[in-house]
Amino acid sequence: MIQNNDNQIPMVGIITEIFEETSDVKTFRVVNSKGDKAFDHMPGQCAMLGVPGVGEAMFSISSSPTNTKFMEFSIKRVGVLTEYLHKLEPGDQITIRGPYGNAFPVDTALKGQNILFVAGGIALAPLRSAIRYVFDKREDYGYVDILYGARSPKDLVYRREIEKSWTEKPNTNVFLTIDRPDEDWDGHIGFVPDYFKKIGFSTDKVVVVCGPPIMIKFVLAILLEMGFKKEQVFTTLELRMKCGIGKCGRCNIGPKYVCVDGPVFRVDELDHIPDEF
Amino acid sequence: MYKILLEDLPKLYAQMAQNADVYMPLRRGNELNFEKWNNEAIVDLESLKTVNTPKDLFLPQIENLYSSQVVGTKINIENVPVFDKTVVLFGVKACDVRAIEVLDNVYLQGDFVDEFYKARREKSIIISLACNTPAKTCFCSAFDIDPSSPQSDVRTWICNEYMYFDFTDEKHEKYERFYDMIKEFLTEADESEVAPLQKEIQEKINTLPFSGICLEKFTPENMLSIFNSSEWEHLYRPCIGCGTCTYSCPTCQCYDIRDHQSKCGGILKYRCWDSCMYPDFTLMAHGNPRFTQKERFRQRFMHKLLYHPEKYDGQFGCVGCGRCVNKCPVSLNILKVIKTIGGDENDTK
Ligand code: SF4
Ligand code: SF4
Ligand code: FES
């Protein structure tokens, strides 16, 4: 995949809409300066968003490739750049370059399969791209299970979309959980790995797990315990990135560069990578 | 093969300089660096190691990527001029030649080509020079580098009162141009004229203290066990994380991308060298996967001895130039790492 020459030079992106997901997560809808989608991508791929003079960082694209009009990014307020982005308004401009990284194997390993998506917190963002892709090509896939957890009901991203749309899809089960009891919640309470164990999924499916490293580790352990093979499970790694094109060395882990060889890894591939994630 | 009288070299330099930017080891005080040649320059081809490395010419300490003007909430992105000069690098030692191959692999291969590096590298002509007197800290031969016969576009030897030239690929348009540039100074010579020198260099190499250092253990199968070795725990201790080893290394290649707010309102995006030895290299909003100096120290050597070779067909990311051996303020270096982690074979070295 040889990209354009200016692979480190961004284009101007315009924020067209902003949706408040939680108290610290906003979803930004972005187009290029002509009003079109900035570039094509596949679910799981990322883009570098930046503000000149403030900074630049890698974000996963949370809209589906089937959306040809714009891209969306769900961004948590955690540092200087994201703080700044959260203050922007529709019409404001940012810089955007990409797409970077590999993708979830939606057209290969996942195709025709039953799929289980597992996510914790903001990590539903990259999965949303894949989930919507699967829903838009529903007949290409088997049963879909989605297990998603967050700290509190208020921290569930895409909550309206999940409740209004995802739960209505054919052959689809959505399981939600929150960490601690809450007045606003009559669903399941408990951590994702525990809920996962309780539900006890059958192993006739491909699993995609995204979340904080600690959640991923627990979920993986349970998956193996339940008889899943590492070859059936995909996850993502998150490391600091600068160039996005496998040169600056920032995201190097073992012989891999996460910005080009990842962020998606089949879990058995991780066995040959030092545990630094 | 061709030769030129050493005393005629200044004329050759002047001739080259009319057609290209010529960089070669120049002496200033007691420092030796690759710098742009001019009439007054003091050329020193005999001394071995420059402080900086040819890397600077292709991956400068600072390189502008683009600039942006921000007016209100509107952003305007402007490209910076593309590097477009012929650079001749003259007198590059064998280890530094290999180092450029290491960088080429990273910057010119893979899904993406680094266009900034490519622009600098494309038109460059590398003229290597055999090392007549290898230093005690040299261990290039451990990486199958032969300083008596360096590999590059044009190869040279200083032997008796001549400098000998050998063109690797005379058909190549780049070298043809270079040959045309200097041919008036060259006379035909025979390979046998440098053969005794080559033999002498090889003999010297064999007597160097670290030339036989054993790298057998550094294979992909051993990667995880080396990563998990308990030796790192004490090896790293003296390291103060100054990054000198990375900045003076001809193959270290990591960079940071930063903004510079210029006085006239534009914001310049530039890249600059960075070091995996620094705590903020991998720092993220939610923590740092390389939490202590131990992990950072380990990363540098794992990358050179295991990760890079695994990715690039067995090519080590170290070329045995010995710069880090000379420069580290606490006398830590890759030799110590190889000896400690590399196992019994190295016990007597
Ligand atoms: S190994 Fe030596 S030169 Fe390198 S960072 Fe540590 S103290 Fe500095
Ligand atoms: S690690 Fe040290 S000896 Fe090896 S190439 Fe770099 S500076 Fe030279
Ligand atoms: S972000 Fe630069 S190498 Fe991956």
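You'll find the structure just up there.
In short, a report on the structure. Remember, predicted model here, so these are calculated numbers, not experimental data.

Now for the overall build of chain B. Helix and strand counts for chain B come out as 12 helices and 12 strands. At 22 Å, chain B has a C-alpha radius of gyration in line with the 20 Å of a compact globule built from 349 residues. Each principal axis of the C-alpha atoms in chain B carries an extent, and together these give about 65 × 65 × 40 Å. The buried share among the 349 residues of chain B stands at 58%. Here chain B has roughly 15,500 Å² of accessible surface; of this, 48% comes from carbon and sulfur atoms. For chain B, the centre of its 41 positive side-chain charges and the centre of its 50 negative side-chain charges are spaced 7 Å apart.

Let us now look at the site of ligand 2. Residues and elements named next belong to chain B. Contacts to ligand 2 come from 13 residues, most closely from C249, C318, C321, G322 and C324. Listed by contribution, the elements that provide at least two residues to the shell around ligand 2 are α10 (293-311) and α11 (323-327). In terms of residue class, the shell around ligand 2 is built from eight nonpolar, two polar and three charged.

Attention now goes to the interface of chain B and chain A. It is common to report an interface's size as the accessible area lost on association of the parts. Listed as interface residues are 50 residues of chain B and, on the opposing side, 51 residues of chain A. A buried area of about 4,100 Å², summed over both sides, lies between chain B and chain A, and 55% of it is on carbon and sulfur atoms. Broken down residue by residue, the surface that chain B buries against chain A is led by I75, D111 and F112 of chain B, which jointly contribute 17%. At the junction of chain B and chain A, the tally comes to four salt bridges. The closest approach of N and O atoms between D274 of chain B and R250 of chain A, which form a salt bridge, is 2.5 Å. Counting across the chain B and chain A interface gives 22 residue pairs in polar contact (both at pLDDT 80 or more). The set of elements that each furnish at least two residues to the side of chain B that touches chain A consists of β4 (62-71), β5 (74-79), α3 (94-108), α4 (115-122), α7 (223-227), β11 (255-261), β12 (266-273) and α10 of chain B. The element contributing the most residues to the side of chain B that touches chain A is α10 of chain B, with seven residues. In the side of chain B that touches chain A, the residues fall into 24 nonpolar, 11 polar and 15 charged.

In this structure the tally under the stated criterion is 38 salt bridges over all chains. For the salt bridge of E276 of chain A with R290 of chain B, the shortest nitrogen-to-oxygen distance reads 2.9 Å. Of the two residues, E276 of chain A is situated in the segment after β15 (264-266) and R290 of chain B in the loop between β12 and α10; the pairing between them involves two chains. Looking at R290 of chain B, the relative accessible area reads 4%, which means it is buried. As a salt-bridge pair, D84 of chain B and K123 of chain B come within 2.7 Å of each other at their nearest N and O atoms.

The next subject is the site of ligand 1. In the vicinity of ligand 1, the contacting residues are C239, I240, G241, C242, G243, T244, C245, M277, C328, P329, V330 and L332 of chain B. Classifying every residue of the shell around ligand 1 by side-chain character gives nine nonpolar, three polar and no charged.

With that settled, consider the sheet that holds β5 of chain B. The strands that make up a sheet are held in pairs by hydrogen bonds between backbone atoms, and each pair lies either parallel or antiparallel. Residue and element names in this part refer to chain B. Taken together, four strands build an open sheet; the order of strands is β5-β4-β12-β11 and the sheet is antiparallel. Here the strands that pair on one side only, and so sit at the sheet edges, are β5 and β11. On average, each strand axis in the sheet is tilted by 25° relative to the strand beside it, whichever way the strands run. Two strands pair when backbone bridges link them, and β4 and β12 are joined in this way by seven bridges, in the antiparallel orientation.

Another point: the environment of E163 of chain A. Residue and element names in this part refer to chain A. Assignment of secondary structure puts E163 in helix α3 (residues 159-164). According to the relative accessible area criterion, E163 is partly exposed, its value standing at 39%. A sequence separation of 20 residues divides E163 from Y143, and the C-alpha atoms of the two residues are 18 Å apart.

Turning our eyes to something else, we now look at unusual backbone geometry. Note the cis peptide between G98 of chain A and P99 of chain A, where omega equals 0°. Its place among the elements puts P99 of chain A in strand β6 (residues 93-100). The linkage connecting G262 of chain A with the following residue, P263 of chain A, adopts the cis geometry, with an omega of 5°. Among the secondary structure elements, P263 of chain A is positioned in the loop between α6 (258-261) and β15. Of note in this structure, N160 of chain B is not a glycine but carries a positive phi near 55°. Relative to the helices and strands, N160 of chain B is located in the loop between β8 (154-159) and β9 (162-167).

Each value, and the rule that gives it
- Here the residue index of a chain counts from 1 through its sequence in written order.
- For this description, chains carry letters from A and ligands carry numbers from 1, given in the order in which they are written.
- Two thresholds apply to this predicted model, a pLDDT of at least 70 for residue-level local features and 80 or more for giving and counting side-chain atom pairs, whereas whole-chain, interface and lining totals are computed over all residues.
- Side-chain numbers here rest on the full set of heavy atoms in the structure, without hydrogens or water.
- Strands here mean DSSP runs of E at least two residues long; helices mean DSSP runs of H or I at least four residues long; both are numbered from the N terminus.
- We compute the radius of gyration over the C-alpha atoms and compare it with the globule rule, which gives 2.2 Å times the number of residues raised to the power 0.38.
- Note on exposure labels: buried denotes an accessible area under 20% of the residue type's maximum, exposed denotes more than 50%, and partly exposed covers the range between, all computed with a 1.4 Å probe on protein chains only.
- Here the Shrake-Rupley method, with its probe set to 1.4 Å, supplies the accessible areas, and only the displayed protein chains count as covering residues.
- When charges are counted, neither His nor the chain ends are considered; positive counts come from Lys and Arg and negative counts from Asp and Glu.
- For the purpose of locating charges, the reference atoms are NZ of Lys, CZ of Arg, CG of Asp and CD of Glu.
- Only a single heavy atom is needed: when it lies within 4 Å of a molecule or strand, its residue is near that molecule or strand.
- Residues are grouped as follows: Ala, Val, Leu, Ile, Met, Phe, Trp, Tyr, Cys and Pro are nonpolar; Asp, Glu, Lys and Arg are charged; every other residue, Gly included, is polar.
- Whether two residues touch is decided by their heavy atoms; if any such pair falls within 4.5 Å, the residues are in contact.
- Accessible-area loss on putting two parts together, using a 1.4 Å probe and summing over both, is the definition of buried area adopted here.
- The term salt bridge refers to a side-chain nitrogen of Lys or Arg lying within 4 Å of a carboxyl oxygen of Asp or Glu.
- Here a polar contact is recorded for every N or O atom pair within 3.5 Å, except that within protein the pair must consist of a potential hydrogen donor and a potential acceptor, and residues adjacent in sequence are included only if both atoms are side-chain atoms.
- For two strands to pair, DSSP has to find at least two bridges joining them.
- Lines fitted to C-alpha atoms define the axes, with helix axes restricted to the stretch in contact, and inter-axis angles between N-to-C directions lie between 0 and 180 degrees.

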